[in-house]
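Structural features, examined
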Amino acid sequence: MLDKKAVSYHIPAALMQMADSVGLYQADADMFFLAKDELAPELVGRQLPYEEVRGYYEQMFVFDSEASRVLTSLCSENLRRMLEERAGTRTVSIRVLDQGGHPHWLEIVTEPVSSNEVLITAKSLRRVERDTAVVAAVNPKYDYVAKVDVATSTYAIFVRDEGDGLIPEINGDYETSIRDFNAASVVPEESERLTRAMHLERVLSVLEHEDDYCLYCTMIEGGERRRKRIRYCWLDAMHEKLLISRVDITDIVNAQRLRAEEESLGAAYLDNLPIACCVLRVAYDEAERPVDAFYVYSNREHAHLNVVEHGAMVGKRQRDHFMGEEDTFFTAVFDTAATGRGHLIERFSPSLQKHLLVSTFQPEPGCCGCAIIDMTEQRRLERDLARSRQKLDFILSQTMDVVFQYDPASGRLDLFSEGSHIEGVPQFFKSFQDLMQLGVVLPDQHGAYESLVGPIRSEALKSSGEIQLSLPAGSSSRWYRVALYAHSDDVDGHRYILGYLTDIEDFVRRRMVLEREARLDPLTGVLNARAGRETASRRVERLDGTYTGLLAIFDLDEFKSVNDVYGHQVGDRVLQEFSKVLVTAFRSEDTVYRLGGDEFAVYMESCRDPRRVAESVMARFYCVLGEHEVDGISIKASVGIFASPRPHDFGEFYSRADACLYKSKSFGRGRWNLDVEEREQP
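A short tour of the structure in this document, coming up.

Rules behind the numbers
- Residues numbered from 1 in each chain as written.
- Predicted model: local features only at pLDDT ≥ 70, side-chain atom pairs only at ≥ 80, totals over all residues.
- Heavy atoms only, no water.
- Pairing = 2+ DSSP bridges.
- Helix = DSSP H or I, 4+ residues; strand = E, 2+ residues; numbered from the N terminus.
- Axes fitted to C-alpha atoms, helices over the stretch in contact; angles between N-to-C directions.
- Contact = heavy atoms within 4.5 Å.
- Expected span 1.5 Å × (residues − 1).
- Buried < 20%, exposed > 50% of the residue type's maximum accessible area, 1.4 Å probe, protein only.
- Arc of directions from axis to C-beta.
- Polar contact = N/O pair within 3.5 Å; in protein donor to acceptor, adjacent residues only side chain to side chain.
- Phe/Tyr/Trp six-rings, centres within 6.5 Å; stacked < 30°, edge-to-face > 60°.

Turning next to the pairing of strand S21 (residues 478-488). For strand S20 (residues 462-469) and S21, the ladder comprises eight bridges, and the chain directions are antiparallel. From the neighbouring strand, Ile467 faces S21, where its bridge partner is Tyr480. The sheet contact formed by S21 and strand S22 (residues 495-503) spans nine bridges and is antiparallel. Directly across from Tyr480, in S22, lies its bridge partner Asp503. Connecting the antiparallel pair S21 and S22 is a turn made up of six residues, with Gly493 showing a positive phi of about 75°.

Once that is clear, we can look at the sheet that holds strand S1 (residues 21-26). Spatially, the six strands line up as an open sheet ordered S3-S2-S1-S6-S5-S4, and their pairing is antiparallel. Of all strands in the sheet, those bounded by a partner on one side alone are strand S3 (47-49) and strand S4 (90-97). Each neighbouring strand pair of the sheet contributes to a mean axis angle of 25°, computed without reference to strand direction. Alignment of S1 against strand S6 (residues 117-124), held across six bridges, turns out to be antiparallel. Its bridge partner lying in S6, Gln26 is registered against Glu117. Relative to the sheet, helix H2 (residues 50-61) contacts S1, strand S2 (31-37), S3, S4 and S6, its axis offset from that of S3 by approximately 85°.

Take helix H20 (residues 610-626) next. Its 17 residues give H20 an end-to-end C-alpha distance of 24 Å, which sits within 8% of 24 Å, the value for a rise of 1.5 Å per residue. Those residues of H20 lying buried are Pro610, Val613, Ala614, Val617, Met618, Phe621, Val624 and Leu625. Down the axis of H20, the sector holding all buried residues measures 130°, keeping them to one side. Residues of H20 that are exposed and angled more than 90 degrees away from the buried face: Arg612 and Gly626. Buried positions along H20 lie against strand S23 (548-556), helix H19 (568-585), strand S25 (599-606), strand S28 (637-644) and strand S29 (672-676). Backbone nitrogen of Arg611 and a side-chain oxygen of the N-cap are separated by 3.1 Å at the start of H20; the cap is Asp609.

Looking now at the packing of aromatic side chains. Following the criterion strictly, the structure yields 11 aromatic pairs and no others. For the ring pair Phe32 and Tyr50, a centre distance of 5.6 Å and an interplane angle of 75° mean the geometry is edge-to-face. In this pair, Phe32 sits in strand S2 while Tyr50 sits in helix H2, placing the two residues 18 residues apart along the sequence. According to the relative accessible area criterion, Phe32 is buried, its value standing at 6%. Taking relative accessible area as the criterion, Tyr50 reaches 5% and is therefore assigned buried. Between the aromatic rings of Phe642 and Phe653, the centroid separation amounts to 4.8 Å while the plane-to-plane angle is 75°, which identifies the pairing as edge-to-face. Of this pair, Phe642 sits in strand S28 while Phe653 sits in helix H21 (residues 650-666), placing them 11 residues apart in sequence. The residues Phe642 and Phe653 share a single accessibility class, namely buried. Each residue in the set Phe554, Phe578, Phe586, Phe600, Phe621 and Tyr622 is aromatic and connected to the rest through ring pairs, giving one cluster.

Below is the structure:
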């Protein structure tokens, strides 16, 4: 039993109520008296060797290496050192498992209360308070989150990333940990500045007026320079504890730098274009009507055209600059900014006393870009630039894998750009036969080749289509889309062909599969009603008396009872089996399709007497039908057939065959009936 005389310090009742665990360490005896503990109630009221209690905790409640390190820091040797150094209160955080096996956080406070005793209390960090603070402070890619007790300047890691990123000392004095860590991990040119900025007094002064305090620094991790963002905010409403989070923002900084470089390169490219280029942002009134436009970009050539310094146009109102000019140009600007439609306007500007050709485009909604050509001074320059614009518009309007220019006279093909997955494009050829000899194209693609090259050969400006090519030569052929654009040199009139080539093999295969699936009945695999009717209708309309067309409609006898007795799954198998009977009994050139439900149809043509044809095919059909059954269920069907050598509306063909089917059923099951329309006598 407990010798209460051994415990000299009186534990306050309020502390016993507020804390989850309260105990008193006695240094001279190295014993520990546990007054309260919700985790280990079996130890309460007993005085035990301290290391025995600490070992029990580590075995029962600690589940990760970090918590084990924290518990090790609370060894009896460190507690005695606290008494010797007359240290103040120290706080550490540790994550443990409760008796139900659920992890949660404890805040452990050690406080010397006499020359021989250390009071140890533990308090659970309430989930709502912790989660709210962490969500407000932590980026999903945090390095660590720490907590600082403002009163004691004690510093503890709250939660950390599982990676190998450098972090300060797990638990300890805040100022010391930060100073030592920054000196060892932050680049020298930033270390002292960062340490001053992280000084607790500086942090607290900023948080008096701001919700958070963010700092940025560069660290060396794994031999690489990494950019970090450190954020401070309050953990509690009483402003007693600070929350610190550190996030790696290297990727964000690099991406911002790359975007800035790209924008800079893009601006430099536009600035040095040999044609005038500007961008206007449209201004609207309260009724959302466009009233004016402001220059937000003007390149050097545009400034030269307007006889002003580069950049002087930016911010100016368009109507002020072109006061008194016609509204056609302004209308085009407003329309392009709103709808994205481009306009090509030839106009004379009284303000500039120049003939201008203006092409509008939409760089972003609400803005209109203008490419402007001065036609007054150089007619030839206008033609060159207009042609370049047409080429550029054509190329940009396509999805490009390979862009090329082909000279029909020499047979030379020059590549402007080549897709990474398309290789072996031939450099010289003059005809389809040349491509065949090179092993690039097969003979069956001659029609596709002519549909591409024929229009260009006939002086057309554009042509496009699909063709199968073997690239590189001799490899398996794949589908490609080819687009061609013809243009002539202004000096000697020499004709060139600009074009692009893109691999569409996967697209064509998917399209073929979808087209096939769209025509088939999903249950039976034969043509569906729509595809079958379209095919049969085309064949009926082409009848000219040479052949006789026969349409047979099939209806499964007593199929409803099969569904009622055996279920729809068996019924579906009966339909599938019946479709196999039709495919077997009829020729491959006959059109077999499912009308719906238990009705099917077959359209066929023959030059023989239709009566004999009907007798022959029905005999074969019923013979094959007798060989098929499903789970012992025999399949029976009635058939109606209409035959005619003359073209008909397919609806009439179907109606007369359906009437024959009705007669068959009226005479009993498993019968067929034929209606023949005789040939007209000459």
